[in-house]
Amino acid sequence: KGIELMLSEDGLIPEAILKEKRAISQVVAQVVRAFENGGRLFYAGAGTSGRLGVLDASEIPPTFRAPREQVQGIIAGGRQALWSAVEGAEDDAQAGATAMKHRQLGPDDVLLGIAASGRTPFVWGAIHEANERGAFTALLCFNPAIRAATKKIPHDAWKPKVLIIPNVGPEVLTGSTRLKSGTATKVVLNLITTLAMTQV
């Protein structure tokens, strides 16, 4: 029964992502523009979200013979966080901003923040700094309430230019974002990089 339940829940993912087709297409177009101008795509996330960003970035050079720096994954807590939890790393907005400064984001670059809950301070710090530097910003999350909450943010520097918020519903294991949210994240990142790379 457990197998059937989990697979039936995963079956909801494609339709939820398809409803975000317009937003995903906008991000793909910006990534294509960035690549054509010598720019880069960055992912920023914590925990599972960060690991999936690093994974997608690491697969681009062997798949498309692209330079390693063209797509980069940034995870809160750095390299150690790839295999073990780094306490408090996701709550450090300043660290997210510093990561953007360190990589010298500019107007030709794109930042996709990944946060299943939509609330991760590390990701929001990265988005703010990327906006300040003129980069194109987007947020991938799975909390429908974030759409309305973002509209209430008074300062544009804190607002992602595009929101991708597939409504995949509650997780089978409450709070475990490595399940439907994790699977949907991998699918969305696959869509963005594959479609962008095949258009350049």
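For the structure itself, look to the data block above.
Everything numeric here is computed off the predicted structure, so don't read it as measured data.

Caption draft 1: Spotlight on the overall build of the protein chain. On a plain count of helices and strands, the protein chain comes out with eight helices and five strands. Secondary structure elements in the protein chain, listed N-terminal to C-terminal, are α-α-α-β-α-β-α-β-α-β-α-β-α. In terms of C-alpha radius of gyration, the protein chain reaches 16 Å, essentially the compact-globule figure of 16 Å for 200 residues. Projected onto its principal axes, the C-alpha coordinates of the protein chain cover approximately 50 × 35 × 35 Å. Scored against the burial criterion, the 200 residues of the protein chain give a buried share of 48%. Considering only contacts within the protein chain whose residues lie at least 6 apart along the sequence, 78% involve residues at least 24 apart. Treating the 22 positive side-chain charges of the protein chain as one cloud and the 19 negative ones as another, the clouds have centres 3 Å apart.

Caption draft 2: Representation of helix α4 (residues 47-64) within the structure. For α4, spanning 18 residues, the distance from its first C-alpha to its last is 26 Å, which sits close to the expected 26 Å at 1.5 Å a residue. Taken together, the buried positions of α4 are S49, G50, L52, G53, D56, A57, I60 and P61. Contact partners of the buried residues in α4: β1 (41-45), β2 (71-75), β3 (110-114) and α8 (180-197). Positive backbone phi, approximately 55°, marks R65, located one or two places after α4.

Caption draft 3: A nonpolar patch on the surface, seen in detail. A cluster of nonpolar side chains, contributed by L5, M6 and V172, occupies part of the molecular surface with about 240 Å² of accessible area. Within the secondary structure, L5 sits in helix α1 (residues 2-10). Classification of L5 by relative accessible area gives partly exposed; the value is 44%.

Caption draft 4: Quick peek at the sheet that holds β2. Spatially, the five strands line up as an open sheet ordered β2-β1-β3-β4-β5, and their pairing is parallel. Strands with a single pairing partner mark the edges of an open sheet, and in this sheet they are β2 and β5 (162-164). Taking each pair of neighbouring strands and ignoring which way they run, the sheet shows an average axis angle of 20°. As paired elements, strand β4 (residues 136-140) and β5 share three bridges and run parallel to each other. The residue bridging A138 from the neighbouring strand is V162, located in β5.

Caption draft 5: Fine view of the pattern of salt bridges. Under the defined criterion, the tally for this structure stands at seven salt bridges. We note a salt bridge from K180 to E9, for which the minimum N-O separation is 2.6 Å. Of this pair, K180 sits in helix α8 while E9 sits in helix α1; the two residues are 171 residues apart in sequence, bridging distant segments of the chain. Note on K180: relative accessible area 2%, which makes it buried. Two residues, K159 and D156, come together in a salt bridge whose shortest N-O distance is 4.0 Å. Bridged by salt links that share partners, the residues D56, E59 and K186 form one connected network.

Calculation rules
Residues numbered from 1 in each chain as written. Predicted model: local features only at pLDDT ≥ 70, side-chain atom pairs only at ≥ 80, totals over all residues. Heavy atoms only, no water. Helix = DSSP H or I, 4+ residues; strand = E, 2+ residues; numbered from the N terminus. Rg over C-alpha atoms; globule rule 2.2 N^0.38 Å. Buried < 20%, exposed > 50% of the residue type's maximum accessible area, 1.4 Å probe, protein only. Contact = heavy atoms within 4.5 Å. Lys, Arg positive; Asp, Glu negative; His and termini not counted. Charge placed at Lys NZ, Arg CZ, Asp CG, Glu CD. Expected span 1.5 Å × (residues − 1). Patch = residues over 30% accessible without salt bridge, like charges linked within 9 Å, V, L, I, M, F, W, Y side chains within 5 Å. Areas by Shrake-Rupley, 256 points an atom, 1.4 Å probe, with all protein chains shown as cover. Salt bridge = Lys/Arg side-chain N within 4 Å of Asp/Glu carboxyl O. Pairing = 2+ DSSP bridges. Axes fitted to C-alpha atoms, helices over the stretch in contact; angles between N-to-C directions.

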